[in-house]
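Chain by chain, the residues:
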Amino acid sequence: KYPRKSVDGRSKMDKYRIVQYPVTTESAMKKIEEINTLVFIVDMKASKQKIKDAVKQLYEVKCAKVNTLIRPDGKKKAYVRLTQDFDALDVANRIGII
């Protein structure tokens, strides 16, 4: 039998599609300052592990854990807790949130 496709399809879920944009609300700023956590709106199909890898690649930080929730407007929000080695405030400044 011959292959049905000439080339394998590449993954459409790259790091830029997974992490869409950071949340800049007052409650998100409080999380950045107090509990070393960044808040992002992410793709609905992204898993916690994929979110963790994407944040690691985009911002050169290590994630301790990722919590996700689906908002009532249908978007997925991810709380990315950073390890003690990294400061969320510095990363937020680098991104341009603050």
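Keep in mind that what you see is a predicted model, and the values were worked out from it rather than measured.

**So, the pattern of salt bridges**
Next up, step 1: Scanning all chains against the criterion turns up 3 salt bridges.
Next up, step 2: Taking the shortest distance from any N to any O, the salt bridge between R17 and D43 comes out at 3.2 Å. Of this pair, R17 sits in helix α1 (residues 15–18) while D43 sits in the loop between β2 (37–42) and α3 (48–59); the two residues are 26 residues apart in sequence, bridging distant segments of the chain.
Next up, step 3: D43 gets classed as buried once you look at its relative accessible area, which sits at 8%.
Next up, step 4: Here D73 makes a salt bridge to R71, at a shortest N to O gap of 2.8 Å.
Next up, step 5: Among the residues examined, D73 registers a relative accessible area of 49% and is labelled partly exposed.

**Concerning unusual backbone geometry**
Next up, step 1: Here the phi dihedral of N36 falls at roughly 55°; this positive angle occurs in a residue that is not glycine.
Next up, step 2: The residue N36 is located in the loop between α2 (26–35) and β2 in this model.
Next up, step 3: By relative accessible area, N36 is classed as buried at 14%.
Next up, step 4: Residues other than glycine seldom take positive phi values, yet E60 does so here, at roughly 50°.
Next up, step 5: Position of E60 among the secondary structure elements: in the loop between α3 and β3 (63–70).
Next up, step 6: Relative accessible area serves as the criterion here: at 54%, E60 is assigned to the exposed category.

**Describing the packing of aromatic side chains**
Next up, step 1: Throughout the structure, instances matching the rule amount to 1 aromatic pair.
Next up, step 2: The ring of Y2 has R4 lying over it, and the distance from NZ or CZ to the ring centre is 4.5 Å.

**A look at the nonpolar core**
Next up, step 1: In terms of nonpolar packing, the biggest core is built from 23 residues, with L38, F40, I51, V55 and V80 touching the most fellow members.
Next up, step 2: Per-element accounting of this core gives the leading share, 4 residues, to α3.
Next up, step 3: Once residues within four sequence positions are removed from consideration, V55 is found in contact with V19, F40, E60, V61, C63 and V80.

**Some remarks on the sheet that holds β2**
By definition, the strands of a sheet pair up through backbone hydrogen bonds, in either a parallel or an antiparallel sense.
Next up, step 1: As summarised here, the arrangement of the 4 strands in space is β1-β2-β4-β3, forming an open sheet in which the pairing is antiparallel. Here the strands that pair on one side only, and so sit at the sheet edges, are β1 (19–22) and β3. Neighbour-to-neighbour, the strand axes of the sheet open up by a mean angle of 30°, direction not taken into account.
Next up, step 2: Bridge analysis of β1 against β2 gives 3 bridges, and the strand direction is antiparallel.

**Concerning α3**
Next up, step 1: The end-to-end C-alpha distance of α3 is 16 Å, a good match for the 16 Å that 12 residues give at a rise of 1.5 Å each.
Next up, step 2: Within α3, burial applies to I51, A54, V55 and Y59. Viewed along the axis of α3, the buried residues span an arc of 100°, placing them on a single side of the element.
Next up, step 3: Where the residues of α3 are buried, they touch α1, β1, β2, β3, β4 (76–82) and α4 (88–95).
Next up, step 4: Among the residues trailing α3, E60 stands out with phi positive, at a value near 50°.

Conventions used here
- Residues numbered from 1 in each chain as written.
- Predicted model: local features only at pLDDT ≥ 70, side-chain atom pairs only at ≥ 80, totals over all residues.
- Heavy atoms only, no water.
- Salt bridge = Lys/Arg side-chain N within 4 Å of Asp/Glu carboxyl O.
- Helix = DSSP H or I, 4+ residues; strand = E, 2+ residues; numbered from the N terminus.
- Buried < 20%, exposed > 50% of the residue type's maximum accessible area, 1.4 Å probe, protein only.
- Phe/Tyr/Trp six-rings, centres within 6.5 Å; stacked < 30°, edge-to-face > 60°.
- Lys NZ or Arg CZ within 6 Å of the ring centre and 35° of its normal.
- Core = buried A, V, L, I, M, F, W, Y, C linked by side-chain atoms within 4.5 Å.
- Contact = heavy atoms within 4.5 Å.
- Pairing = 2+ DSSP bridges.
- Axes fitted to C-alpha atoms, helices over the stretch in contact; angles between N-to-C directions.
- Expected span 1.5 Å × (residues − 1).
- Arc of directions from axis to C-beta.

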